[in-house]
2 protein chains.
Amino acid sequence: MFEDWIHEKLKREIGIVRYNHSIRVMETSIRLAKYYNTNERKAALAGLLHDCAKFNDKRKLLKMADNSGIILDNIMKNDIQLIHGPLGAEIAKTQYNIEDEEVLLAIQYHTTGKENMSLLEKIIFIADYIEPNRKFKGVKEVRKLAFEDLEESLVQAMDNTIKFIINSGGLIHLDTVKARNYLKIEKSLE
Amino acid sequence: MFEDWIHEKLKREIGIVRYNHSIRVMETSIRLAKYYNTNERKAALAGLLHDCAKFNDKRKLLKMADNSGIILDNIMKNDIQLIHGPLGAEIAKTQYNIEDEEVLLAIQYHTTGKENMSLLEKIIFIADYIEPNRKFKGVKEVRKLAFEDLEESLVQAMDNTIKFIINSGGLIHLDTVKARNYLKIEKSLE
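Residues numbered from 1 in each chain as written. Chains lettered and ligands numbered in written order. Predicted model: local features only at pLDDT ≥ 70, side-chain atom pairs only at ≥ 80, totals over all residues. Heavy atoms only, no water.

A look at the interface of chain A and chain B
(1) Moving on: Counting from both sides, the interface comprises 20 residues of chain A and, opposite them, 20 residues of chain B.
(2) Moving on: For the chain A and chain B pair, buried surface summed over both sides reaches about 1800 Å², with 67% attributable to carbon and sulfur atoms.
(3) Moving on: Across the chain A-chain B interface, the total number found is zero salt bridges.
(4) Moving on: Between chain A and chain B we count six residue pairs in polar contact (both at pLDDT 80 or more) in total.
(5) Moving on: Sorting the residues of the side of chain A that touches chain B by element identifies helix 5 (74-78), helix 10 (150-167) and helix 11 (174-189) of chain A as the ones contributing at least two each.
(6) Moving on: Considering each element in turn, the side of chain A that touches chain B owes the most residues, eight residues, to helix 11 of chain A. (Contact = heavy atoms within 4.5 Å. Buried area = accessible area lost by both parts, 1.4 Å probe. Salt bridge = Lys/Arg side-chain N within 4 Å of Asp/Glu carboxyl O. Polar contact = N/O pair within 3.5 Å; in protein donor to acceptor, adjacent residues only side chain to side chain. Helix = DSSP H or I, 4+ residues; strand = E, 2+ residues; numbered from the N terminus.)

Digging into unusual backbone geometry
Residue and element names in this part refer to chain B.
(1) Moving on: The backbone phi angle of Phe2 is positive, close to 75 degrees, even though this residue is not glycine.
(2) Moving on: Its place among the elements puts Phe2 in the segment before helix 1 (4-14).
(3) Moving on: Positive phi values are uncommon outside glycine, yet Asn37 reaches one of about 55 degrees.
(4) Moving on: Residue placement: Asn37 occurs in the loop between helix 2 (16-35) and helix 3 (40-49).

Concerning the environment of Gly15 of chain A
(1) Moving on: When you line up the elements, Gly15 of chain A lands in the loop between helix 1 (4-14) and helix 2 (16-35).
(2) Moving on: Taking the C-alpha atoms as reference points, Gly15 of chain A and Lys54 of chain A, 39 residues apart in sequence, are found 9.6 Å from one another.

Things to note about the relation of the copies chain A and chain B
(1) Moving on: Placing chain A over chain B gives an RMSD of 0.0 Å and needs a rotation angle of 180 degrees, together with 0.0 Å of translation along the axis. Here the copies are linked by what is in effect a two-fold axis.
(2) Moving on: Mapped onto chain B, 100% of the interface residues of chain A are again interface residues, and the two copies thus contact each other with one and the same surface. (Least-squares fit on C-alpha atoms with pLDDT ≥ 70 in both.)

Describing the pattern of salt bridges
Residues and elements named next belong to chain A.
(1) Moving on: All told, the structure shown has 24 salt bridges over all chains when counted by the stated rule.
(2) Moving on: Glu131 is the salt-bridge partner of Arg24, the closest N and O atoms lying 2.7 Å from each other. Taken together, the positions of Arg24 in helix 2 and Glu131 in the loop between helix 8 (119-130) and helix 9 (139-145) put the pair 107 residues apart, joining distant regions of the chain.
(3) Moving on: One network of salt bridges, in which partners are shared, links Lys42, Asp100 and Glu102.

A short note on the nonpolar core
Inside soluble globular proteins, nonpolar side chains tend to come together where they are buried.
(1) Moving on: Counting residues in hydrophobic clusters, the biggest one holds 62 residues, and the most contacted among them are Leu49, Leu87 and Ile126 of chain A.
(2) Moving on: Here this core takes eight residues from helix 8 of chain A, the largest share from any one element.
(3) Moving on: Residues within four places of Leu49 of chain A in sequence aside, it is in contact with Ile6, Leu10, Ala92, Tyr96, Ile98 and Ile107 of chain A.
(4) Moving on: Core analysis: the second largest hydrophobic core is formed by 61 residues, Ile185 of chain A together with Ile83, Met117 and Leu120 of chain B among them. (Core = buried A, V, L, I, M, F, W, Y, C linked by side-chain atoms within 4.5 Å. Buried < 20%, exposed > 50% of the residue type's maximum accessible area, 1.4 Å probe, protein only.)

As for the environment of Tyr109 of chain A
(1) Moving on: Considering the arrangement of structural elements, one finds Tyr109 of chain A in the loop between helix 7 (101-108) and helix 8.
(2) Moving on: Measuring from C-alpha to C-alpha, the distance between Tyr109 of chain A and Leu82 of chain A comes to 9.8 Å, with 27 residues separating the pair along the chain.

Let's talk about the packing of helix 4 (residues 58-67) of chain A against helix 6 (residues 84-94) of chain A
All names here are of chain A.
(1) Moving on: As a packed pair, helix 4 and helix 6 sit with axes 10 Å apart at the nearest point and diverge in direction by 55 degrees. Taken together, the axes of helix 4 and helix 6 lie oblique to each other. Seen from above, helix 4 lies across helix 6 with left-handed handedness. Contact residues: Leu61, Met64 and Ala65 in helix 4; His84, Leu87 and Ile91 in helix 6.
(2) Moving on: The residue inventory of the contact of helix 4 with helix 6, partitioned by class, reads five nonpolar, one polar and no charged. (Axes fitted to C-alpha atoms, helices over the stretch in contact; angles between N-to-C directions. Parallel < 35°, antiparallel > 145°, perpendicular 65-115°, else oblique. Left-handed = near helix turned anticlockwise from the far one by under 90°. Nonpolar A, V, L, I, M, F, W, Y, C, P; charged D, E, K, R; others polar.)

Let's talk about helix 10 (residues 150-167) of chain B
Residues and elements named next belong to chain B.
(1) Moving on: Here helix 10 spans 26 Å end to end across 18 residues, near enough to the 26 Å set by a 1.5 Å rise per residue.
(2) Moving on: Listed in full, the buried residues belonging to helix 10 are Leu150, Ser153, Leu154, Val155, Gln156, Ala157, Met158, Asp159, Ile162, Ile165 and Ile166.
(3) Moving on: Looking one or two places after helix 10, you find Gly169, whose phi comes out positive at around 75 degrees. (Expected span 1.5 Å × (residues − 1).)

Concerning the environment of Thr94 of chain A
Residues and elements named next belong to chain A.
(1) Moving on: Counting through the fold element by element, Thr94 comes out in helix 6.
(2) Moving on: Each C-alpha atom of the pair Thr94 and Ser68 lies 10.0 Å from the other, and the pair is 26 residues apart in sequence.
(3) Moving on: From its side chain, Thr94 meets the backbone oxygen of Glu90 in a polar contact 2.9 Å long.

Re the packing of helix 1 of chain B against helix 2 of chain B
Residue and element names in this part refer to chain B.
(1) Moving on: At their nearest, the axes of helix 1 and helix 2 sit 7 Å apart, and the two run at 130 degrees to each other. Accordingly, the angle class assigned to the pair helix 1 and helix 2 is oblique. Here His7, Leu10, Lys11 and Ile14 of helix 1 lie close against helix 2, whose contacting residues are Ile16, Arg18, Tyr19, Ser22 and Ile23.
(2) Moving on: Of the residues contributing to the contact of helix 1 with helix 2, the split by class is five nonpolar, two polar and two charged.

Shown next as structure tokens:
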């Protein structure tokens with residue numbers, strides 16, 4: 001799926017391990033898109049390219065973010081890897097020629113989530129969390145839940161992430177808290 | 001300490017159990033103020049009055065907030081009890097004649113915390129968390145820490161609170177996340 005040069009460029013830029021992860025996220029995203037009756041091609045594209053800016057070199061991330069005019073919030077300034085979401089959307093647009101705004105937003109918010117997520121954004125977020133090689137605590141339950149109650153699976157994934165960040169002494173991104181609060185409020189209104 | 005009518009009014013309005021809690025928070029606040037060399041009288045006043053709007057009646061809270069022009073955020077709309085912080089500052093000002101802006105802010109943010117807290121705000125927040133009758137998980141460690149590293153004790157209290165909210169399925173207030181992120185970033189720059 002998709003032209004060879006995209007795969008070749010991606011493999012070259014993020015390395016084979018992360019490229020293989022991206023293929024699994026793409027496949028999981030396609031399964032979810034089928035299940036939830038939404039555009040499979042968009043899901044595949046966002047899944048494949050979600051980590052296209054996940055470079056290990058922090059200086060490179062900072063420099064490219066600066067060149068792209070991405071404004072870093074306080075959390076990103078302290079947790080440089082978070083830049084790969086917004087920078088990924090920028091690179092997908094300028095270097096992989098992706099014009100679809102929905103796909104770009106799904107790439108942009110795949111790590112933090114955000115308030116009022118689209119179906120595609122939800123699919124990419126959770127596919128990244130549950131792809132078959134993920135092993136972290138609680139993933140089995142979320143993996144099952146993703147095909148039963150997508151929103152509840154997102155809340156659980158985000159809650160697990162927030163607890164993990166607390167236990168490892170990191171910074172909690174406000175977009176993640178906004179995302180899970182929004183999902184919980186929406187659920188309580190059902 | 002403080003005029004009799006203040007104690008009588010407070011007892012009448014929030015009930016004897018919560019009044020006794022307020023006295024313990026006042027005493028703990030005074031101890032902390034002494035320890036950290038700040039104004040004991042302000043700490044005592046904010047400690048005594050921090051829960052002056054903690055009414056059980058949700059309709060009363062909503063009506064009084066509306067009358068006072070307090071704008072409820074999405075989290076407060078869903079967790080009505082959170083109103084007692086900002087409403088408490090309003091009532092302390094209009095009904096208990098407190099004019100000191102520092103004291104009013106300490107009352108306003110005693111439940112959620114906020115970014116860049118003043119020393120008095122930190123003292124009231126943590127005194128409410130560690131007063132001698134508090135029994136919840138992790139409180140002993142925070143109680144000890146409050147007299148060793150005030151900022152670290154706040155981070156631990158907030159982290160415990162966030163985890164508790166997650167486990168009980170509630171909504172996480174953004175001010176709490178902003179508060180603990182700010183404290184952690186500040187610490188990392190020391």
